[in-house]
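Okay, here's what each chain looks like letter by letter:
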Amino acid sequence: MIDTGNQGVSHTEGQGWGLLFAEYFNDQPSFERILSWTASTLGRKADSLYSWRYVPGVANHVPDTNNATDGDLFIAWALARAARRWGTQDHAQTAINIAHDVLRLLTRRVGERLLLLPALKGFDNNVGVVVNPSYYVFLAMAELEALVPLPQWEALRRDGLSVINHGQFGRWMLPPDWLRVDKRSLALSPASRWPARCSFEAIRVPLYLAWARLPAPSISAAYAAFYAPRATGPAPAWVDLKSRAEAPYAASPGMLVVARIAAATSDGGGDVIDFPRVAEAADYYAASLTLLVRIAWRERRAA
C-alpha cells in the first residue's frame, strides 16, 4: 500500500487499511500478499507490533523502528475479521498477540483514565502524556476484546471517549490532531509539539465514532458545521484551534465525506449519503477515507 501523497512511503496505517479492504471484499489473495509484505518488512522482533514506516529509494528502508498504534490496531482487527471469514486460525493467533502487546506496551494510566499511547516511544514524559484522538479505533478495540477478554479494553474505550468529548477547543469546538494530558492537573490541551490544528489526523475521529455507533453528538455536529460548504466554496482542509487560521486549500473529497457521516449521525441519521467515487480521489489518503466511510456506513446500518 503506497501513500501517493507522501513521497511514496508505506506505513502501517495503510497496510492495516489495505488488509481491512481486502477482507471486506473477500479478496483473500490480496490479503495474504499485503500481510506477507507487512510481516516481513515491518514486523518487529522484540514484540508483535510493527515499525510504522517504509521509505523507498534509501539504503535503510525502515530507519525508525517505532510503531504507530492505529496501524497495529487496524492490522489486528483485519486479522481477526479474516480469521472469522476464512477460518484461518493463524490469523486469529497473530491478532491475539498484537492485542496483548497493545495492552501491555501502549497504555498508560493518568489519574483515573487509561490512555492509549500513539507509539512505544516519544509520547510519555514526567509531566504529561500525548494522545492522538484519531488512534482510538473503537470498533477494533471491541472486536479484539472478543479474542482477548480483558477489562482494559472497556477502560480504553470509555476513557478515550471521555478524552475526545472533553478535548474540544477553539471557535468550532473540535479535537486537535494531538492532545496533551497533564499528569498533575489532568488538564487537556493541544499538544505543543504540533500545530494546534484539527486536520488530517483528527478528521478520522467522527468516522470511528460513527462506525462503532458511539454517541458523541457534540463532536459530530462540530465536524458537520466546520466542513459544511461555504459561500466561497468547499470548506478548508484544517483549522488552527488557537489562532482560528484556516488552510488556504480545500478539504479533499475524502475529508468531506467523513463530514457527511458526521452530519448524518449528529441529526439522527439519514439513510442517504452522497458518496464520491473512490476513483475520483487525487491520492491515497482521500481514496482511503472515502472507502472507509463507505464500509463504515454499510456496517453501521447493518448492525
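Everything below is about the structure shown above.
Here we summarise the structure given alongside this text.

Once that is clear, we can look at the pairing of strand β6 (residues 179–182). Two faces make up the sheet, and in a regular strand the side chains alternate between them. As paired elements, strand β5 (residues 128–131) and β6 share four bridges and run antiparallel to each other. When the bridges of β6 are listed, Val 130 appears paired with Arg 180. For β6 and strand β7 (residues 188–190), the ladder comprises three bridges, and the chain directions are antiparallel. Paired with Leu 179 across the two strands is Pro 190, which belongs to β7. Taken together, β6 and the strand that follows it, β7, pair antiparallel across an intervening segment of five residues, in which Leu 186 is found at a positive phi of about 70°.

For the pair helix α5 (residues 138–147) and helix α6 (residues 152–166), the least separation of the axes is 9 Å and the interaxial angle reads 165°. On the basis of their axis angle, the class for α5 and α6 is roughly antiparallel. The hand of the α5/α6 crossing is left-handed. Between α5, through Phe 138, Met 141, Ala 142, Leu 144 and Glu 145, and α6, the contact on the second element is made entirely by Trp 153, Glu 154, Leu 156, Arg 157, Gly 160, Leu 161 and Ile 164. Class assignment for the residues of the contact of α5 with α6 results in eight nonpolar, one polar and three charged.

In this model helix α4 (residues 89–105) runs 24 Å from its N-terminal to its C-terminal C-alpha over 17 residues, within 8% of the 24 Å that 1.5 Å per residue would give. Those residues of α4 that sit buried are His 91, Ala 92, Ala 95, Ile 96, Ile 98, Ala 99, Asp 101, Val 102, Leu 103 and Leu 105. If you follow the buried residues of α4, they end up packed against α2 (28–42), α3 (69–86), β3 (107–110), β4 (113–116), α5 and α6.

What follows deals with the packing of aromatic side chains. Enumeration according to the criterion identifies 18 aromatic pairs in this entry. Ring geometry for Trp 178 against Trp 194: centres 4.5 Å apart, planes inclined by 15°, an arrangement best described as stacked. In this pair, Trp 178 is assigned in the loop between α6 and β6 and Trp 194 in the loop between β7 and β8 (197–198), connecting sequence segments 16 residues apart. Exposure remark for Trp 178: the relative accessible area of 10% places this residue in the buried category. Of the residues examined, Trp 194 reaches a relative accessible area of 22% and is grouped as partly exposed. Relative to Tyr 285, the ring of Tyr 284 lies with its centre 6.5 Å away and its plane at 40°, an arrangement referred to as tilted.

We now examine the nonpolar core. As a rule of thumb, nonpolar side chains are buried together in soluble globular proteins. The biggest cluster of nonpolar side chains holds 106 residues, and the ones touching the most others in it are Phe 31, Trp 153, Leu 174, Trp 211, Tyr 223 and Tyr 227. The element that contributes the greatest number of residues to this core is α3, accounting for 10 residues. Sequence-distant contacts of Tyr 223, that is, excluding residues within four places in its chain, are made with Leu 174, Pro 175, Cys 198, Ala 202, Ile 203, Val 205, Pro 206, Ala 259 and Ala 262.

For the rest of this paragraph, the subject is the sheet that holds β7. With respect to topology, three strands assemble into an open sheet ordered β5-β6-β7, the strand pairing being antiparallel. A strand with exactly one partner marks an edge of an open sheet, and here the two such strands are β5 and β7. Averaged over all adjacent pairs, the angle separating strand axes in this sheet is 30°, with direction ignored.

Okay, α3 next. Between its first and last C-alpha, α3 extends 25 Å over 18 residues, near the 26 Å set by a 1.5 Å rise per residue. In the segment just after α3, Gly 87 is the residue with positive phi, at about 70°.

The next thing to look at is unusual backbone geometry. Even without being a glycine, Gln 7 presents a positive backbone phi close to 60°. Among the secondary structure elements, Gln 7 is positioned in the segment before β1 (10–11). Its relative accessible area of 73% is what places Gln 7 among the exposed residues. The phi dihedral of Arg 213 falls on the positive side, at around 60°, and the residue is not glycine. Inspection of the secondary structure assignment puts Arg 213 in the loop between α7 (205–211) and α8 (217–226).

So, how was this worked out
- Residues numbered from 1 in each chain as written.
- Predicted model: local features only at pLDDT ≥ 70, side-chain atom pairs only at ≥ 80, totals over all residues.
- Heavy atoms only, no water.
- Pairing = 2+ DSSP bridges.
- Helix = DSSP H or I, 4+ residues; strand = E, 2+ residues; numbered from the N terminus.
- Axes fitted to C-alpha atoms, helices over the stretch in contact; angles between N-to-C directions.
- Parallel < 35°, antiparallel > 145°, perpendicular 65-115°, else oblique.
- Left-handed = near helix turned anticlockwise from the far one by under 90°.
- Contact = heavy atoms within 4.5 Å.
- Nonpolar A, V, L, I, M, F, W, Y, C, P; charged D, E, K, R; others polar.
- Expected span 1.5 Å × (residues − 1).
- Buried < 20%, exposed > 50% of the residue type's maximum accessible area, 1.4 Å probe, protein only.
- Phe/Tyr/Trp six-rings, centres within 6.5 Å; stacked < 30°, edge-to-face > 60°.
- Core = buried A, V, L, I, M, F, W, Y, C linked by side-chain atoms within 4.5 Å.

Just distances and angles here, no functional claims.
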